[in-house]
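Commentary on secondary and tertiary structure
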Amino acid sequence: EAGVAQSPRYKIIEKRQSVAFWCNPISGHATLYWYQQILGQGPKLLIQFQNNGVVDDSQLPKDRFSAERLKGVDSTLKIQPAKLEDSAVYLCASSLGPDRARWQYFGPGTRLTVT
Amino acid sequence: ILNVEQSPQSLHVQEGDSTNFTCSFPSSNFYALHWYRWETAKSPKALFVMTLNGDEKKKGRISATLNTKEGYSYLYIKGSQPEDSATYLCAFGSSNTGKLIFGQGTTLQVKP
């Protein structure tokens, strides 16, 4: 079974620049998550999609972050403009459904450094 | 605010040692507790999901227990090997919210 794919793996940008991350979930997984993991902290949910609809984006800084999941498959997460505090690992995960008892399958993450 | 704490933050052991970590979570509105292993430069991988008080899960040398009434879970590794070196994350699922809340992780280094 192919895993969750993410690109790029690493990105370095200057503050105020924009950046986009891409995620391809496991085939058939209806639920897709984007997490932000800042060094020394646990992953924090930014946004959760069920098919192509948003279930939870309560912790997404909407003034600078946006995400979409067109056609209910691939997803992109964008930051515009980036701030120094956005330096983190951005993890994409997918699961068969939104039940919190379902395993989540993670991609390798994108490590973002904002200088 | 839901708080999930893991201890210790990091651990260095010798090959062959057995070790355990703790995940503390709210004792109310429990729904599920996850354990993940995250090796450097790889994807976090699910180890266990537990939903019932008293649950015990085992996979090879790794096992986990769950106490929902007091709000903790233990992860045990018997006879640690260098390939067990990783960060171990726990995540709490509440019946009140639809998302998982992750702890900050325990980083294990096993020296040959």
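The present account deals with the structure reproduced in this document. Treat the numbers as computed from the prediction; the structure is a model and nothing was measured.

Glancing now at the sheet that holds strand β1 (residues 5-7) of chain B. All names here are of chain B. Read from one edge to the other, the open sheet built from five strands follows the order β1-β3-β8-β7-β6, with strand pairing classed as antiparallel. Unpaired on one side and paired on the other, β1 and β6 (56-59) mark the two borders of the sheet. Strand after strand, the sheet turns through a mean of 15° between neighbouring axes, direction not considered. Where β1 and strand β3 (residues 19-24) come together, three bridges link them in antiparallel fashion. In the strand pairing of β3, S7 is matched with T22.

In this section: the packing of aromatic side chains. Under the criterion given, the structure shown has 14 aromatic pairs over all chains. Their ring planes at 85° and their centres at 5.4 Å tell us that A:F106 and B:Y36 sit as a pair that is edge-to-face. Of this pair, A:F106 sits in strand β10 (residues 105-106) while B:Y36 sits in strand β4 (residues 30-38), which puts the two residues in different chains. The same class applies to A:F106 and to B:Y36, which are both buried. Ring centres 6.1 Å apart and planes at 45° place the aromatic pair B:F30 and B:F92 in the tilted group. With a gap of 62 residues between them, B:F30 in strand β4 and B:F92 in strand β9 (residues 86-94) connect regions that are remote in the sequence. Of the two residues, B:F30 and B:F92, both sit in the buried class. Above the plane of the ring of B:Y31 lies A:R100, whose end atom (NZ or CZ) is 4.0 Å from the centre. It is B:K59 that lies over the ring of B:F48; its NZ or CZ is 6.0 Å from the centre.

The next point concerns the side chain of A:T31. Residues and elements named next belong to chain A. Secondary-structure assignment places T31 in strand β4 (residues 31-37). You can call T31 buried: its relative accessible area is 0%. Engagement of the side chain of T31 in a polar contact is seen with the side chain of Q50, the distance being 2.5 Å. Discounting chain neighbours no more than four positions away, the residues touching T31 are Q48, F49, Q50, R69, A93, S94, S95, L96, G97 and P98.

A word on the interface of chain A and chain B. Taken together, the contacts link 24 residues of chain A with 27 residues of chain B. Contact between chain A and chain B buries roughly 1800 Å² in total, counting both sides, with carbon and sulfur atoms accounting for 58%. Sorting the residues of chain A by area buried against chain B places A:R100, A:W103 and A:F106 first, and these three jointly supply 39% of that buried surface. Applying the counting rule to chain A against chain B returns one salt bridge. A salt bridge links A:D56 to B:K99, with the shortest nitrogen-to-oxygen separation between them at 3.7 Å. Taken together, the links from chain A to chain B amount to nine residue pairs in polar contact (both at pLDDT 80 or more). Among the residues making up the side of chain A that touches chain B, the classes are represented as 10 nonpolar, nine polar and five charged.

Conventions we followed
Residues numbered from 1 in each chain as written. Chains lettered and ligands numbered in written order. Predicted model: local features only at pLDDT ≥ 70, side-chain atom pairs only at ≥ 80, totals over all residues. Heavy atoms only, no water. Pairing = 2+ DSSP bridges. Helix = DSSP H or I, 4+ residues; strand = E, 2+ residues; numbered from the N terminus. Axes fitted to C-alpha atoms, helices over the stretch in contact; angles between N-to-C directions. Phe/Tyr/Trp six-rings, centres within 6.5 Å; stacked < 30°, edge-to-face > 60°. Buried < 20%, exposed > 50% of the residue type's maximum accessible area, 1.4 Å probe, protein only. Lys NZ or Arg CZ within 6 Å of the ring centre and 35° of its normal. Polar contact = N/O pair within 3.5 Å; in protein donor to acceptor, adjacent residues only side chain to side chain. Contact = heavy atoms within 4.5 Å. Buried area = accessible area lost by both parts, 1.4 Å probe. Salt bridge = Lys/Arg side-chain N within 4 Å of Asp/Glu carboxyl O. Nonpolar A, V, L, I, M, F, W, Y, C, P; charged D, E, K, R; others polar.

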